[in-house]
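# Understanding the architecture of this molecule
Chain residues, written in single-letter form:
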Amino acid sequence: MRLALLGLDETTLALARAAQRSGHDQLVLLCDVEGTQQAQSLLGGDALRTQSWEVLLTGATGGVAAFDAVMVSRDFADDERRLEQLRKLVQGGVPMLVAHPVHTSMLAYYELDMIRRETDGVIVPFLPARRHPLAVRLKEIVNLTDASSVGRVDQVVFERALTERSKAAVLSQFARDVDLLRFLGGEVAQLGAMGSPGLTAVGEFAAYNNLGVQMTGAENRLFRWWVVPADEFSDSRLTVTGERGKATLTMPLEPSAWRLELRTGGEPTVVEALPWNPYLTSLDELRGVLADRQILSRWPDAARAVELTETIDRSLAKGRTIDLYEQEYSPSATFKGIMSSVGCALLLLALAGMIIGALAANLLKHAGFVQAAQVVGAVPYVLLGLLVVFLALQFLLRVARPK
């Protein structure tokens, strides 16, 4: 597989190195990576270097640097610039493997998803954790319910060890981790966040230093995710608790060292991970989607993860749990939402026009302008007639709706 690279961050750097070492993939084009020390390790091959990202819009169709897909990094300096590039690449039908989260707004994700559906494009988010063999094993334990060794699962707890606990780092990590939580326990219906009040030394809210997020999901299942301070040797843990025991997935920084421990009353059973590379896994996922466009896209999962991440700020600001709803974001749904808002605004304007018209007619009549008062006095009745027709049409739409 011939790959191009747009920008460079920790994720795309690791993906590029994995591609170089795989023996199956080749870097042929590097865009917007000049001037970085990490890029020097990628520039030793025959890849074409350019600062003009627009070449990606034509390179996929042939030419000197023809490629099969683009690996896209997060642009921390200019999110909106990267979003505009992604829009044009999706519209141009360019397949992409995208660092996640590539943008902080759920609206950006859902907009890209709508374009992807219209163009039948390929956007693969870098969310490999749910493909880890031990995560798949844990999913099987959850799905077995009463037949599982731990029994019916009612709680999933994720302790995320982070060395950097800034707001940006914490929310980015949550956007990745919540995808694994949804994979294990199903959709999230409610989300509540809490943390310490006050500010840190750099002026950020201290809530993110020890952020705790509680969610409820399918079958009244409870999810808990929180940040714990860590050094480079600390492990993160994901614990699934059932009626008869629990299963703990310990996650060191090296994914191939993950291990699963089952406790059901006696001696714990430990399942060691087989050698596994998240970057090669994501490249294999991209290769599979390119070979079979019928594979269900995981971009909506990435969009939902960013939507849940955005909800944390709302919950902290309001100090309460936020109800979440599953919605399908599509051009038709967006159009209906806009038209509903416009309709409500027109109803309010018409009501205001009726009141103002009646008052103006009364004032004109007392001032002696009888003819003008009659003309202005007719306005409220015209608006009332239009409102009646509008509401009647809404009723007819419900009556005549196809079964």
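Heads up: the structure comes first, above all this text.
Check the secondary structure of the chain and you find 10 helices and 15 strands. Counting across all 403 residues of the chain, residues that qualify as buried make up 45%. Within the chain, contacts between residues at least 6 apart in sequence are counted, and of these 68% link residues at least 24 apart. Accessible surface for the chain amounts to roughly 21200 Å². Of this, 57% is attributable to carbon and sulfur atoms.

So, about the sheet that holds strand β7 (residues 153-162). Ordered in space as β14-β13-β12-β11-β7-β10-β9-β8-β15, the nine strands form an open sheet in which the pairing is mixed. Two strands in the sheet have a free side with no partner beyond their single neighbour: β14 (269-272) and β15 (322-323). Pairing of strand β9 (residues 212-217) with strand β10 (residues 222-229) involves five bridges; the strand directions are antiparallel. In the sheet register, Gly212 faces β10, and the bridge partner there is Trp226.

Right, let's get into the environment of Arg160. For Arg160, the location among the structural elements is in strand β7. On the accessibility criterion, Arg160 (14% relative accessible area) is buried. Separated by 77 residues in the primary sequence, Arg160 and Arg237 have C-alpha atoms spaced 6.7 Å apart. Apart from the residues within four sequence positions on either side, Arg160 is in contact with Gln173, Asp177, Trp225, Trp226, Val227, Val228 and Ser236. For Arg160, the side chain forms a polar contact with the side chain of Asp177, separated by 2.9 Å.

Turning to the sheet that holds strand β4 (residues 69-72), a few remarks are in order. The six strands lie next to each other as β3-β2-β1-β4-β5-β6, forming an open sheet whose pairing is parallel. Edge positions in the sheet fall to β3 (48-50) and β6 (123-125), since each has one partner strand and no second. Here the average twist between neighbouring strands, direction ignored, is 20 degrees. The pairing of strand β2 (residues 26-31) with β3 spans three bridges and is classified as parallel. Looking at the pairing, Leu29 lines up with Leu48 of β3. Across the sheet, helix α3 (residues 79-91) is in contact with β1 (2-6), β4, β5 (96-98) and β6; its angle to β5 comes to roughly 155 degrees. Against the sheet, helix α7 (residues 278-291) engages β1, β4, β5 and β6, with an angle of about 150 degrees to β5.

Right, let's get into the pattern of salt bridges. Within this structure, the stated rule accounts for 22 salt bridges. One continuous salt-bridge network, built from bridges that share partners, spans Arg130, Arg131, Asp179, Arg182, Glu187, Glu285, Arg298, Asp301, Arg304 and Glu307.

Attention shifts here to the nonpolar core. Residues Met215, Trp225 and Leu238 are the most contacted members of the largest nonpolar core, which totals 42 residues. Element by element, the count of residues in this core is highest for helix α6 (residues 167-185), at eight residues. Not counting residues within four places of it along the chain, the set of residues in contact with Leu238 comprises Leu138, Val156, Val157, Phe158, Leu180, Leu181, Leu184, Ala247, Thr248, Leu249 and Met251. Formed by 30 residues, the second largest nonpolar core is a distinct cluster that contains Trp53, Leu56, Val90 and Leu127.

So, about the packing of aromatic side chains. Applying the stated criterion across every chain, the model contains four aromatic pairs. Judged by centre distance (4.7 Å) and plane angle (10 degrees), the ring pair of Tyr109 and Trp299 falls under stacked. Of the two residues, Tyr109 sits in helix α4 (residues 106-119) while Trp299 sits in helix α8 (residues 299-318), which places them 190 residues apart along the sequence. With centroids separated by 6.3 Å and ring planes inclined at 40 degrees, the aromatic side chains of Trp258 and Trp276 adopt a geometry described as tilted. Here Trp258, found in the loop between β12 (246-251) and β13 (259-263), pairs with Trp276, found in the loop between β14 and α7; they are 18 residues apart in sequence, far enough to count as distant.

Bringing α8 into the picture now. Compared with the 28 Å implied by 1.5 Å per residue over 20 residues, the 29 Å span of α8 between its first and last C-alpha is a close match. Just beyond α8, the residue with positive phi is Gly319, at close to 70 degrees.

On to the packing of α3 against α4, then. Contact geometry of α3 with α4 gives a least axis separation of 9 Å together with a crossing angle of 15 degrees. As summarised for this structure, α3 and α4 are arranged roughly parallel, according to the angle between their axes. Judged by the twist between their axes, the crossing of α3 over α4 is right-handed. Note on element contacts: α4 touches α3 through Ala108, Glu111, Leu112, Ile115, Arg116 and Thr119, opposite Leu83, Leu86, Arg87, Val90 and Gln91. Here the residues of the contact of α3 with α4 sort into six nonpolar, two polar and three charged.

We now examine the packing of α6 against α8. α8 packs onto α6 with a crossing angle of 130 degrees between their chain directions and a minimal axis gap of 9 Å. Overall, the two elements α6 and α8 adopt an arrangement that is oblique. Read as a crossing pair, α6 and α8 show a hand that is right-handed. The residues of α8 that touch α6, namely those facing Lys167, Leu171, Phe174, Ala175, Val178, Asp179 and Arg182, are Asp301, Arg304, Ala305, Leu308, Thr309, Ile312 and Asp313. Of the residues in the contact of α6 with α8, the class split is seven nonpolar, one polar and six charged.

How each quantity is defined
- Residues numbered from 1 in each chain as written.
- Predicted model: local features only at pLDDT ≥ 70, side-chain atom pairs only at ≥ 80, totals over all residues.
- Heavy atoms only, no water.
- Helix = DSSP H or I, 4+ residues; strand = E, 2+ residues; numbered from the N terminus.
- Buried < 20%, exposed > 50% of the residue type's maximum accessible area, 1.4 Å probe, protein only.
- Contact = heavy atoms within 4.5 Å.
- Areas by Shrake-Rupley, 256 points an atom, 1.4 Å probe, with all protein chains shown as cover.
- Pairing = 2+ DSSP bridges.
- Polar contact = N/O pair within 3.5 Å; in protein donor to acceptor, adjacent residues only side chain to side chain.
- Axes fitted to C-alpha atoms, helices over the stretch in contact; angles between N-to-C directions.
- Salt bridge = Lys/Arg side-chain N within 4 Å of Asp/Glu carboxyl O.
- Core = buried A, V, L, I, M, F, W, Y, C linked by side-chain atoms within 4.5 Å.
- Phe/Tyr/Trp six-rings, centres within 6.5 Å; stacked < 30°, edge-to-face > 60°.
- Expected span 1.5 Å × (residues − 1).
- Parallel < 35°, antiparallel > 145°, perpendicular 65-115°, else oblique.
- Left-handed = near helix turned anticlockwise from the far one by under 90°.
- Nonpolar A, V, L, I, M, F, W, Y, C, P; charged D, E, K, R; others polar.

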